[in-house]
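# Chain and residue survey
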Amino acid sequence: MSLYHRIVLCLTLGAALATAQAPFPSRPAPRGMKMPEALVVDDRTGFESIFDGTLKNWDGDPKIWRVEAGAIVGETTKDNTLKINTFIIYRGDKPKDFELKLEFRMNNTNSGVQYRSVELPEVGKWVLKGYQADMDFVNTYTGMLYEERGRGIVALRGQMTQIENGKNSRVIGQLQDGDELKGYVKINGWNQFHVIARGNLLVHILNGHVTSVMIDDDTEKRTMEGLIGLQMHVGPPMKVEFKNIYLKR
């Protein structure tokens, strides 16, 4: 499929998903055309739970990570701080094309969901490099696509971007206004991240709204499979929780 056709397909996907939770216009669809079905946030058809209430297949610093009230909990305190970002890593698979759904809640600082990531043992144990569905308590970055220890911010909230070999990411479409998308985030409440990875197409959906899309045509720096991980970020004491973690391969 050509780049042009990929872009058209992705923009169509982004527009449809971004408006899935909004009411459809009252006017009828053109004859012979069906209106798209609304996105059902809690639909887990074809998904498999990868968190069974224990840390089976999950590997992280026991001083940071635990299970509590049906969730994976990461927590730092003033007496238990971090010098580098650390992750609890899912060891059950290194998926290529997949969908991931999970819910998160946090009370401070920054966190994220890593995918298609690789370990950097030379930097430290439980350190990952790769794509990240970003989240932060003050809601500046939640929903964007970030590459941990890599190319940095590659798609801000509301953007569809593309990266080619040797170039920085460039905006090729606007999904929805970033400030409007910010309003869908539940501060101090549970939020759902839905990540779709198909070849070099990456999509982030937050609480049923598409927040970022990227086409990664950088064959030198992109990754097409890898580890899933949950992040605990350096900084002030914080607590982050993850539950209902489901993977569709």
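Details of the structure are given in the entry above.
What counts, and at which threshold
Residues numbered from 1 in each chain as written. Predicted model: local features only at pLDDT ≥ 70, side-chain atom pairs only at ≥ 80, totals over all residues. Heavy atoms only, no water. Helix = DSSP H or I, 4+ residues; strand = E, 2+ residues; numbered from the N terminus. Buried < 20%, exposed > 50% of the residue type's maximum accessible area, 1.4 Å probe, protein only. Contact = heavy atoms within 4.5 Å. Areas by Shrake-Rupley, 256 points an atom, 1.4 Å probe, with all protein chains shown as cover. Phe/Tyr/Trp six-rings, centres within 6.5 Å; stacked < 30°, edge-to-face > 60°. Salt bridge = Lys/Arg side-chain N within 4 Å of Asp/Glu carboxyl O. Pairing = 2+ DSSP bridges.

## Notes on the overall build of the chain
Summing up its helical and strand segments, the chain has 2 helices and 17 strands in all. In the chain, buried positions account for 49% of the 249 residues. Restricting the contact set of the chain to residue pairs at least 6 apart, pairs at least 24 apart contribute 66%. Roughly 12,200 Å² of accessible area belongs to the chain as shown, and the carbon and sulfur atoms make up 52% of that amount.

## Re unusual backbone geometry
Although it is not a glycine, Arg116 sits at a positive phi angle of roughly 45°. Tracing the backbone shows Arg116 in strand E7 (residues 110–119). Residues other than glycine seldom take positive phi values, yet Asn139 does so here, at roughly 65°. With respect to the element layout, Asn139 can be found in the loop between strand E8 (128–136) and strand E9 (145–148).

## Quick look at the packing of aromatic side chains
Here the structure, examined in full by the defined rule, presents 4 aromatic pairs. Between Phe98 and Tyr115, the ring centres sit 6.0 Å apart and the planes meet at 75°, which makes this aromatic pair edge-to-face. Taken together, the positions of Phe98 in strand E6 (residues 98–106) and Tyr115 in strand E7 put the pair 17 residues apart, joining distant regions of the chain. Judged by its relative accessible area of 1%, Phe98 is buried.

## Notes on the pattern of salt bridges
Tallied over the entire structure, the rule returns 15 salt bridges. In this structure, Glu119 and Arg91 form a salt bridge, with 2.7 Å as the shortest nitrogen-oxygen distance. With a gap of 28 residues between them, Glu119 in strand E7 and Arg91 in the loop between strand E5 (86–90) and E6 connect regions that are remote in the sequence. You can call Arg91 partly exposed: its relative accessible area is 37%. Here Arg249 makes a salt bridge to Asp93, at a shortest N to O gap of 2.6 Å. One end of the pair, Arg249, is in the segment after strand E17 (239–248); the other, Asp93, is in the loop between E5 and E6, and 156 residues separate them in sequence.

## Topic: the environment of Gln159
If you trace the backbone, Gln159 turns up in strand E11 (residues 159–164). Considered as a pair, Gln159 and Asp177 are 18 residues apart in the sequence and their alpha carbons are 8.5 Å apart. The residues touching Gln159, leaving out its near neighbours within four places in the chain, are Val171, Gly173, Gln174, Leu175, Thr211, Ser212 and Val213.

## Some remarks on the sheet that holds E7
Spatially, 7 strands are ordered E2-E5-E16-E7-E8-E9-E10 in an open sheet, and the strand pairing comes out antiparallel. Where the open sheet ends on each side, the last strands, each with one partner, are strand E2 (58–59) and strand E10 (152–155). When E7 meets strand E16 (residues 227–232), the two strands line up antiparallel, connected through 3 bridges. If you follow Val113 over to E16, its bridge partner there is Leu230.

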